[in-house]
Amino acid sequence: MEIKQYDYKREFNLYADEYKKKANEVLESGWYVLGDELKNFEREWADFNGVKNCIGVGCGLDAITMTLKLLGIGPGDEVIVQANTYIASIMGISQNGATPILVEPDSFYGIDASKIEEKITSHTKAILVVHLYGMPCDMKSIVKICEKYDLRLVEDCAQSHGATYEGKMTGTFGDAGCFSFFPSKTLGAFGDAGGIITNNDDLARRLKVYRNYGSSKRYQHDVVGVNSRLDEIQAGLLRVKLQHLPEIIQKRTRICQRYLDEINNPLIELPKIRENSISTWHQFAIRCKQRDLLQEYLSENGIDTYIHYPMPPHLSGAYRYLGLKEGDLPITEEFAKSLLSLPLFAGMTKLEQDYVINTINEFSV
Ligand SMILES: *Cc1c(COP(=O)(O)O)cnc(C)c1O
């Protein structure tokens with residue numbers, strides 16, 4: 001049996017006719033950028049999350065970069081972020097000339113809230129939390145810290161579409177929530193796409209101007225902006241997928257529940273669920289000391305897996321300038337050596353799930 005880690009084609013096939021119909025509709029409409037599909041998607045995604053505004057942008061990195069910039073973060077400022085994230089979270093900070101201050105994760109793979117305060121200085125302007133793998137961070141503690149030190153709070157929700165903490169959607173706890181709709185994400189488009197949600201009307205208005213060459217009216221440019229727009233085809237396709245998102249999340253959650261219930265190999269540590277949280281399982285990331293052996297064994301048995309992420313950002317060339325070295329963030333580094341993401345996509349059959357579970361349970365060294 002051959003099982004992909006994420007099967008794009010199978011997720012597409014779940015609603016293929018609706019996607020084709022929508023793509024055709026947009027193609028035939030003769031309008032491709034900043035039109036009704038985007039407006040409607042922005043309304044619908046804001047409503048889904050229970051917030052006032054959504055701004056569609058080109059990708060998740062742009063969402064983070066632009067949000068921090070328009071919150072006034074720039075050179076000389078420090079932004080606290082977890083060390084174990086996809087490098088884009090950190091690039092969203094450094095793209096603005098601000099300095100990322102890296103903090104170790106807790107056992108749920110979110111930022112360790114008990115290690116934040118020791119990193120706060122007079123230059124600290126914001127905390128960027130990342131709800132990694134779809135598991136919400138410890139928002140109660142983090143919101144308290146932001147209030148105490150008057151810091152901006154931005155949430156990287158690229159992996160947490162639909163996830164909640166104490167019944168409240170991720171992305172709604174602070175100034176803004178930043179989403180990626182890259183194809184592999186839980187709400188994924190069919191190309192690059194991103195978005196920002198916020199209850200701050202002024203921030204929303206300025207983001208809409210900034211994403212479109214700083215223009216609020218055609219050929220009238222009030223500020224220096226960028227070109228980062230979510231196009232009509234992607235917005236239309238996202239609208240189709242959004243209608244099915246609860247069902248997609250439910251399908252993925254059922255698979256993860258089986259993994260949690262039925263994987264019982266003592267060599268493997270399963271992910272834990274934070275109290276009062278509902279994860280939407282962007283990844284099902286297990287830990288194993290013999291991770292490389294396990295990955296090879298699964299691959300030999302036709303099971304494709306990924307490592308999220310094999311190289312911690314502070315050890316990559318891009319962030320050598322931070323001056324951190326191996327051993328400086330031991331928890332993050334240990335995670336990078338032991339994590340493995342199992343196959344997970346809506347449309348995975350019961351037989352395939354059985355096969356993954358049984359094969360993992362038979363792994364030994
Ligand atoms: C995917 C991802 C991003 C970047 O999104 P893009 O749309 O690829 O730019 C940022 N942060 C996290 C945590 C991600 O997983």
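Report on the accompanying structure. Everything numeric here is computed off the predicted structure, so don't read it as measured data.

Rules of the game
- Numbering of residues starts from 1 in each chain and follows the order in which that chain's sequence is written.
- In view of the model being predicted, local features appear only for residues whose pLDDT reaches at least 70, and side-chain atom pairs are presented and counted only at 80 or more, with totals across whole chains, interfaces and linings using the full set of residues.
- Computation of side-chain values: all heavy atoms of the structure, hydrogens and water removed.
- Aromatic pairing here means that ring centres of Phe, Tyr or Trp (its six-membered ring) are within 6.5 Å. Orientation follows from the plane angle: under 30 degrees is stacked, over 60 is edge-to-face, and everything else is tilted.
- The rule is simple: take the accessible area with a 1.4 Å probe, protein chains only, and divide by the maximum for that residue type; under 20% is buried, over 50% is exposed, in between is partly exposed.
- Helix and strand definitions here come from DSSP, where helices need a minimum of 4 consecutive H or I residues and strands a minimum of 2 consecutive E residues; each element is numbered from the N-terminal end.
- Placement of a charge over a ring requires the Lys NZ or Arg CZ to be within 6 Å of the ring centre, with the centre-to-atom vector within 35 degrees of the ring normal.
- Contacts were defined at the residue level, with two residues in contact if any of their heavy atoms lie within 4.5 Å.

## Regarding the packing of aromatic side chains
Within this structure, the stated rule accounts for 19 aromatic pairs. Summarising the aromatic geometry, the rings of Y6 and Y8 are spaced 4.7 Å apart at their centres and angled 75° between planes, so their arrangement reads as edge-to-face. According to the relative accessible area criterion, Y6 is buried, its value standing at 9%. Overall, the relative accessible area of 42% leaves Y8 in the partly exposed class. Plain terms: the ring middles of Y86 and Y309 are 5.3 Å apart, the flat faces sit at 35° to each other, and that makes the pair tilted. In this pair, Y86 sits in the loop between β2 (78-82) and α5 (87-94) while Y309 sits in the loop between α9 (291-300) and α10 (330-338), placing the two residues 223 residues apart along the sequence. On the basis of relative accessibility, which here comes to 43%, the residue Y86 falls in the partly exposed class. Ring pairing ties together the aromatic residues F41, W45, F48, F179 and F181, which thus form one cluster. The ring of F173 has K168 lying over it, and the distance from NZ or CZ to the ring centre is 5.0 Å.

## Describing the environment of M66
Among the structural elements, M66 can be located in helix α4 (residues 60-70). The exposure class of M66 is buried, given its relative accessible area of 4%. Sequence spacing of M66 and S114 is 48 residues, and the spatial spacing of their C-alpha atoms is 28 Å. Those residues in contact with M66 that lie beyond four places of it in its chain are V57, L207, Y210, R211, V226 and S228.

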